[in-house]
Amino acid sequence: MATPMSEGQHRLADRIQQALDESVDSPWCVHRLYEEVVASVGFEDRGNGLEVTRRAADRLVEAGRARFEGVSAISIGVHCEDALYWSVNSPHTALEQFGPSYESPTILRRLASHFQCHGL
């Protein structure tokens, strides 16, 4: 059982749900949710902000207020994964229903392209 959310976590989850509900035709990856919804409310540390974003979005899924599907790929020996969330108001119940750009292997290539080399 999940621990109760604080008032701040509720507000954040509500902001995420609002973003998802305003765009029922496409899912949001956790990175986009962080950059467009969460970072603007004070999370400057990207690693911490992504974790907070994912926890809040996961709580929405647990409460039946959002849908979720994970994506995982290997690129040049590096494991990449992402979480995609979308509104329960969307007619889609699976990621692939959003069209060819969300079907395998296209989505796996897109995910692998998120990997950026920052030098050795």
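Structure: see above.
Let me sum up the structure you'll find in this document. Everything quoted here is computed from the prediction, not taken from an experiment. (Residues numbered from 1 in each chain as written. Predicted model: local features only at pLDDT ≥ 70, side-chain atom pairs only at ≥ 80, totals over all residues. Heavy atoms only, no water.)

What follows deals with the side chain of aspartate 82. Tracing the sequence through the fold places aspartate 82 in strand S3 (residues 78-87). Of the side chains bearing the opposite charge, arginine 54 lies closest to the buried aspartate 82, which forms no salt bridge; the N-O distance is 6.0 Å. In this structure the side chain of aspartate 82 is engaged in a polar contact, spanning 3.3 Å, whose partner is the side chain of histidine 31. (Helix = DSSP H or I, 4+ residues; strand = E, 2+ residues; numbered from the N terminus. Buried < 20%, exposed > 50% of the residue type's maximum accessible area, 1.4 Å probe, protein only. Lys, Arg positive; Asp, Glu negative; His and termini not counted. Salt bridge = Lys/Arg side-chain N within 4 Å of Asp/Glu carboxyl O. Polar contact = N/O pair within 3.5 Å; in protein donor to acceptor, adjacent residues only side chain to side chain.)

Our focus in this paragraph is the nonpolar core. Residues Ile16, Leu20, Leu33, Val37 and Tyr85 are the most contacted members of the largest nonpolar core, which totals 19 residues. Mapped onto this core, the elements with two or more residues apiece are helix H1 (7-22), helix H2 (30-38), helix H3 (46-62) and S3. Aside from chain neighbours lying at most four places away, what touches leucine 33 is Ile16, Leu20, Trp28, Val38, Thr53, Ala57 and Tyr85. Grouped together as the second largest cluster of nonpolar side chains are ten residues, Leu84, Trp86, Phe98 and Ile107 included. (Core = buried A, V, L, I, M, F, W, Y, C linked by side-chain atoms within 4.5 Å. Contact = heavy atoms within 4.5 Å.)

As a further point, take the packing of aromatic side chains. For the structure shown, the criterion picks out three aromatic pairs. Measuring from centroid to centroid gives 5.3 Å for phenylalanine 68 and tyrosine 85, while their planes differ by 40°, and the two rings are tilted. One end of the pair, phenylalanine 68, is in strand S2 (residues 66-75); the other, tyrosine 85, is in strand S3, with 17 residues separating them in the sequence. In this structure phenylalanine 68 comes out as partly exposed when scored by relative accessible area, which is 36%. Taking the relative accessible area as the measure of exposure, tyrosine 85 reaches 0% and is therefore buried. A centroid spacing of 5.3 Å and a plane angle of 80° characterise the contact between tryptophan 86 and phenylalanine 98, whose relative ring orientation is edge-to-face. Note that tryptophan 86 is positioned in strand S3 and phenylalanine 98 in the loop between S3 and helix H4 (106-112), a separation of twelve residues in sequence. Each of the two residues, tryptophan 86 as well as phenylalanine 98, counts as buried. Clustering of aromatic rings is evident, with ring pairs tying together Trp86, Phe98 and Tyr102. Above the plane of the ring of tryptophan 28 lies arginine 32, whose end atom (NZ or CZ) is 3.6 Å from the centre. (Phe/Tyr/Trp six-rings, centres within 6.5 Å; stacked < 30°, edge-to-face > 60°. Lys NZ or Arg CZ within 6 Å of the ring centre and 35° of its normal.)

For the rest of this paragraph, the subject is the environment of serine 87. Mapped onto the secondary structure, serine 87 falls in strand S3. Between the C-alpha atom of serine 87 and that of valine 24, which follows or precedes it by 63 residues, the distance is 5.7 Å. For serine 87, the contacting residues outside a window of four places in its chain are Leu20, Asp21, Val24 and Arg67. Here the side chain of serine 87 touches asparagine 89 through a polar contact of 2.9 Å, landing on its backbone nitrogen.

Should their charged atoms come close, side chains of opposite charge can pair. On inspection of all chains with the given rule, the structure shows four salt bridges. The residue glutamate 51 makes a salt bridge to arginine 55 at a minimum N-O spacing of 3.6 Å. A residue pair is termed a helical-turn pair when its members lie 3 or 4 positions apart in one helix, as glutamate 51 and arginine 55 do in helix H3 at four residues. Exposure remark for arginine 55: the relative accessible area of 42% places this residue in the partly exposed category. With a closest N to O distance of 4.0 Å, arginine 59 and glutamate 62 form a salt bridge. Taken as a pair, arginine 59 and glutamate 62 lie in helix H3 at a separation of three residues, close to a single helical turn. For glutamate 62, a relative accessible area of 57% puts it in the exposed group.

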